Every structure is written in C-alpha cells, then in structure tokens.
Amino acid sequence: MPVIKILPHAEYCPEGKSVSAPAGTSICEALLENCVAIEHACDMVCACTTCHVIVREGMRTLSEMEEGEEDMLDRAWGLEPDSRLSCQAILGQKDVTIEIPKYSINHAKENH
C-alpha cells in the first residue's frame, strides 16, 4: 500500500504526517480519511483549486493529469510545475511526498 508523506503545514498538519492508502485512491480522499482536513470546496469534482498540492516526490506514480485539471490548476495560488489537484491525483503503487501550499483560493474561508 503506497504511503503519502505530508510535509508540515501550519494549519492542516503542523508536525507533518505519513498516511497509507490503497492504490486507486485520490490523495484528497486519503488525507481526509486520515484526519488531514484539506480544503475541498467543490466536493472533489475538479471545479475549484482548494485541494491544490505540490508533489515533491513520486509525481510519475500518480495518474496522468487530464485537461480539466490542467485548466483549473491555472487558477491555483502558488502554482508550480509539480502542482496537482489532490482530488484528481490518483495514487499508483509507489509512495509520494506532498506539500500543501500555505494559501488557497477560497472566498468563503477568507470571509468574502
């Protein structure tokens, strides 16, 4: 079973964490099932960027990015070449290391 190593994030995972999840699970689902409350305003349907993560290791083991995810990622705060929407990044057989960006674009959270 692949392991997701989550780098420390002040709000969601201050100490960092490693979680296991079966191949075929999205990173977002795996985090939520393991008490890492990553934002997912659109309910994991690829309609927002609040679940944006940066894959620091293991990008090749994840599912390929589809056009809808690419288009949506263009709106993400702190976009990097190894950015993915965690609701669309499906685990393969190998471990991954991710970083949750410091900020997300979420108007409700920002009290707008």
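Computed from a prediction, not measured in an experiment: that's the story for all the values here.

*Asks:* Summarise the nonpolar core; cite the residues concerned and give the values.
*Replies:* Ranked by internal contacts, the top residues of the largest apolar core, which has 27 residues, are Ile4, Ile6, Ile27, Leu31 and Ile98. Broken down by element, the residue count for this core peaks at four residues, all from helix 1 (residues 27–33). Sequence-distant contacts of Ile98, that is, excluding residues within four places in its chain, are made with Ile4, Lys5, Ile6, Leu7, Ile27, Leu31, Val53, Ile54, Val55 and Arg56.

*Asks:* A description of the pattern of salt bridges should follow, citing residues and the corresponding values.
*Replies:* Evaluation of the coordinates by the stated rule reveals three salt bridges. The salt bridge partner of Arg56 is Glu80, with a shortest N-O separation of 2.8 Å. One end of the pair, Arg56, is in strand 3 (residues 52–57); the other, Glu80, is in the loop between helix 2 (67–73) and strand 4 (83–85), with 24 residues separating them in the sequence. Measuring nitrogen to oxygen at the nearest pair gives 2.8 Å for the salt bridge that ties Glu99 to Arg56. Note that Glu99 is positioned in strand 5 (residues 96–99) and Arg56 in strand 3, a separation of 43 residues in sequence. Among the residues examined, Glu99 registers a relative accessible area of 26% and is labelled partly exposed. Since its relative accessible area comes to 38%, Arg56 is described here as partly exposed. A single salt-bridge network, built from bridges that share partners, covers Arg56, Glu80 and Glu99.

Thresholds applied
- Residues numbered from 1 in each chain as written.
- Predicted model: local features only at pLDDT ≥ 70, side-chain atom pairs only at ≥ 80, totals over all residues.
- Heavy atoms only, no water.
- Core = buried A, V, L, I, M, F, W, Y, C linked by side-chain atoms within 4.5 Å.
- Buried < 20%, exposed > 50% of the residue type's maximum accessible area, 1.4 Å probe, protein only.
- Helix = DSSP H or I, 4+ residues; strand = E, 2+ residues; numbered from the N terminus.
- Contact = heavy atoms within 4.5 Å.
- Salt bridge = Lys/Arg side-chain N within 4 Å of Asp/Glu carboxyl O.

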